[in-house]
Amino acid sequence: MKDELETGGVSRRTLMVSLGGGAAVTTAMTLVPGLSLAGEAEVQAIIDQMAEGTPVDGGVELDLPEIAENGNTVPVTVTVDAPMTADSYVKTVMVMADGNPQAEVARFNFTPACGTASASTRMRLAGTQTIIAAAQMNDGSTMVGRKLVKVTIGGCGG
Amino acid sequence: MAKIRPRVKAPKKAAMGEIIEIKTLINHAMESGQRKDSGGNTIPRQIINRFVVTLNGREVFSTDLFPSVSANPYVAFFLKAEESGDLTFTWHDDDGSVYEDTKSIEVA
């Protein structure tokens, strides 16, 4: 039941690409020979664990290339639209990739001293997939942003 | 592995209240634990798992890294210039090694 709901967010193209590649990423339980992928369910589990209350969509911007030619190093910048004061600030931002063997990519831990909740890194992507960033404020409320990135050559295994 | 050398790009001076960007890079293979060698054996995971930045001994920013972070991990972030002092950057390796770099910043 849950899977059916969650795959609702996956575009037909993403689904077809995954299926075409022999990797049906409908559930995290699907085992592909040699490589099991994280899947939407694992991402959701991490968000649920972080969030106090219901996570809200929006407020988190992901800056990613639309098409990444090389999945070995894909630049990513995450920016949260929130004040950074001692009373109200972004505490952590978890960047996740649902089509990688492990969903977590990086967790940025901010403090009010940062001035702005924005950070960048470079990541490996196994294939075309959605990048998810969940930002948690100091009061526990959580915002989620998503962006699809197309990967020409995957950056896993080898 | 080549000698590990951290690199940090941070302004030496900043105006009070200015938001400055700090860019960091360290050469490291970030072996994911997913790859296999020619004999079919899994190459054990060895990554930098944590990166911490302190200003005058107080933690201002940190990052937990997972195997999906690319080799030679790059992390960039911002700081609001509010006090002069020493910025210390530490990278923690899976094998227990710690790599460190320091930059001083003058806030006027």
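Our subject in this report is the structure included herewith. As the structure is a computational prediction, the values presented were derived from the model and not from experiment.

This part takes up the sheet that holds strand β4 (residues 74-80) of chain A. One open sheet holds the six strands; their spatial order is β2(A)-β4(A)-β7(A)-β6(B)-β3(B)-β1(B), and the pairing between them is antiparallel. Of all the strands in the sheet, just β2 (60-63) of chain A together with β1 (6-9) of chain B have a single pairing partner and so form its edges. Here the strands of the sheet are splayed against their neighbours by 15° on average, with no regard to which way each runs. Relative to β4 of chain A, β2 of chain A is paired through four bridges, and the arrangement is antiparallel. Counted as the bridge partner of Asp63 of chain A is Thr77 of chain A from β4 of chain A.

Mapped onto the fold, Val75 of chain B is located in strand β6 (residues 74-80). Along the primary structure Val75 of chain B and Arg50 of chain B are separated by 25 residues, whereas in three dimensions their C-alpha atoms are 11 Å apart. Setting aside residues no more than four positions away along its own chain, Val75 of chain B makes contact with Phe108, Ser120 and Thr121 of chain A together with Ile22, Lys23, Thr24, Phe51, Phe61 and Thr63 of chain B.

Residues and elements named next belong to chain B. Where burial is concerned, the two faces of strand β3 (residues 19-26) differ: the one with Ile20, Ile22, Thr24 and Ile26 is buried and the one with Ile19, Glu21, Lys23 and Leu25 is not. Taken together, the four bridges between β1 and β3 define a ladder with antiparallel strand orientation. Bridging from a neighbouring strand, Lys9 pairs with Lys23 of β3.

Looking now at helix α3 (residues 39-50) of chain A. Side chains that are three or four residues apart share a direction in an α-helix, a result of its 3.6 residues per turn. For α3 of chain A, spanning 12 residues, the distance from its first C-alpha to its last is 18 Å, which sits close to the expected 16 Å at 1.5 Å a residue. If you check which residues of α3 of chain A are buried, you get Gly39, Glu40, Val43, Gln44, Ile46, Ile47 and Met50 of chain A.

Parameters and conventions
- Residues numbered from 1 in each chain as written.
- Chains lettered and ligands numbered in written order.
- Predicted model: local features only at pLDDT ≥ 70, side-chain atom pairs only at ≥ 80, totals over all residues.
- Heavy atoms only, no water.
- Pairing = 2+ DSSP bridges.
- Helix = DSSP H or I, 4+ residues; strand = E, 2+ residues; numbered from the N terminus.
- Axes fitted to C-alpha atoms, helices over the stretch in contact; angles between N-to-C directions.
- Contact = heavy atoms within 4.5 Å.
- Buried < 20%, exposed > 50% of the residue type's maximum accessible area, 1.4 Å probe, protein only.
- Expected span 1.5 Å × (residues − 1).

Any functional reading would require information that these geometric values do not contain.
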